[in-house]
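# Topology and contacts: notes
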Amino acid sequence: MGTTSIGKTKDGKELLSVEIRNKNGMVAKTMNFGANLMELHVPNHAGKTTDVVLGFKNVNDYEGNECFYGCTVARNANRIGGAAFDLNGKHYTLENNDNGNNLHSGSQTLAKKIWDIKKTTVNSVTYAYSSPDADMGFPGAMEIEVTYELTDTDALVIRYKGISNQDTIFNPTNHSYFNLDGQTGLTVLDHLVTIDADCFTWANGSSIPDGTIKSVKETPMDFTKPYALGARIEKKYDQLQFAGGYDHNYCLNQSQVVSEFSTPTHPIYFAAKLENKDQTRAMYVYTDLPGIQLYAGNYMKPEEIMKNGDHFVKRGGVCLETQYYPNAINVESFKSPVLKAGENGETVTVYQFDFTE
């Protein structure tokens, strides 16, 4: 428990990890590099813990991390079509790092910066970063905070805060890859997924939505009831073929308020559920945001080494990234990701765990 030096970046900056825990033995380890989540140890009925998020064996590999393992993605998660947008009559150009588009804010994302450790307690840590005007191409000097908290109900609560001196985009997410069986070196295609969404945002061959909303009904996109992730992933369906599997935004119904994490003025909704094959462990995802990206690890890199020393495998983990819809800044019908100058932006994501014997 506490703060530990774990090495240095390639340019000599100190890497610090912060470990937090709850009374049940659940442990999260984060680091000041990118405010990234490195480990999440979740207990079972016997008290034995399993690390359910994937990551690197060598801490310096996080400096590359093209797959975004454990990343706090900011200022903007997911894709912006054409790597550009207009705001208040001004045109902004971003880095083209994804087939002509901007993905996760670019290659110099804040997930690869050193954050300040602002506050720590036994069960929480807050990181802070000052992002200057025009950072990664986005307008406004922005102060950003990310807080990880473990509750005694076995939930990892992630709170994001931001304030900018200009109108800007604020759409952060966590990009952890989950495998509820741990660092197995096996795929998660047998994991069961449920998503509280009747619709998804149709996307073109570059994974860019244009405003078209489609029903999941009678398609392999339907997770309104539990389906194994791999049951339909190879179906001849344009969306799956475009993205090489699931990598899609779901339009959350926001039909079930989760009272434990909500306030009268800030409701948090059930978004998704992930279960391992034998249903001995489950993870519930809650958020206040309108969308969630289901990403099945289609482009994980087998040449890279994960924490247990094994090679990563394609589809060895699944991401459930809460978000504003991809390309929302360029699609007027989507809920806007714009944070007005001087306003306090805040969003919450919860990953809560349960188990059976």
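Residues numbered from 1 in each chain as written. Predicted model: local features only at pLDDT ≥ 70, side-chain atom pairs only at ≥ 80, totals over all residues. Heavy atoms only, no water.

Another point: the side chain of T194. As for its placement among the helices and strands, T194 is situated in strand β17 (residues 192–195). Once residues lying within four places of it in the same chain are set aside, the contact partners of T194 are F223, T224, K225, P226, A271, A272 and K273. (Helix = DSSP H or I, 4+ residues; strand = E, 2+ residues; numbered from the N terminus. Contact = heavy atoms within 4.5 Å.)

Here the focus is the packing of aromatic side chains. Within the structure shown, the criterion is met by 19 aromatic pairs. Residues F56 and Y69 carry aromatic rings whose centres are separated by 5.3 Å and whose planes lie at 85° to one another, so their mutual orientation is edge-to-face. Of this pair, F56 sits in the loop between β5 (49–51) and β6 (72–73) while Y69 sits in the loop between β5 and β6, and the two are 13 residues apart along the sequence. As far as the burial class goes, F56 and Y69 line up, both buried. Between the aromatic rings of Y177 and Y295, the centroid separation amounts to 6.0 Å while the plane-to-plane angle is 70°, which identifies the pairing as edge-to-face. Residue Y177 is found in the loop between β16 (173–174) and β17, and its partner Y295 is found in strand β24 (residues 291–295); the two are separated by 118 residues along the sequence. What makes Y295 buried here is its relative accessible area of 8%. Grouping aromatic residues by their ring pairs yields a cluster made of F56, Y62, Y69, Y177, Y295 and F312. The ring of F223 is capped by R232, whose NZ or CZ atom sits 4.9 Å from the centre of that ring. When the ring centre of Y227 is taken as origin, the NZ or CZ atom of R232, which lies over that ring, is 3.7 Å away. (Phe/Tyr/Trp six-rings, centres within 6.5 Å; stacked < 30°, edge-to-face > 60°. Buried < 20%, exposed > 50% of the residue type's maximum accessible area, 1.4 Å probe, protein only. Lys NZ or Arg CZ within 6 Å of the ring centre and 35° of its normal.)

What follows is about the sheet that holds β24. One open sheet accounts for five strands, arranged β19-β18-β21-β24-β25; its pairing is antiparallel. Strand pairing shows two members of the sheet lacking a second neighbour, β19 (209–215) and β25 (319–323), which therefore form its edges. With strand direction ignored, the average angle separating the axes of adjacent strands in the sheet is 35°. The pairing of β24 with β25 spans five bridges and is classified as antiparallel. Among the inter-strand pairings, Y295 is bridged to a residue of β25, identified as C319. (Pairing = 2+ DSSP bridges. Axes fitted to C-alpha atoms, helices over the stretch in contact; angles between N-to-C directions.)

Turning our attention to the nonpolar core. Note on soluble globular proteins: their nonpolar side chains tend to be buried together. In this structure, L40, I195, Y246, Y250, L294 and F353 are the most contacted members of the largest nonpolar core, which totals 65 residues. The element best represented in this core is strand β13 (residues 142–150), accounting for five residues. Contacts of Y250, omitting those with residues within four sequence positions, involve I195, A197, C199, F200, V216, M221, F223, P290, G291, I292, L294 and Y325. (Core = buried A, V, L, I, M, F, W, Y, C linked by side-chain atoms within 4.5 Å.)

Attention now moves to the sheet that holds strand β2 (residues 14–21). One open sheet accounts for five strands, arranged β1-β2-β3-β4-β5; its pairing is antiparallel. This sheet does not close on itself; its edge strands, each paired only once, are β1 (2–8) and β5. Across the sheet, the mean angle separating the axes of adjacent strands is 20° when strand polarity is ignored. Here five bridges tie β2 to strand β3 (residues 27–31), and the two strands are oriented antiparallel to one another. Residue pairing in the sheet places E19 in a bridge with K29 of β3.

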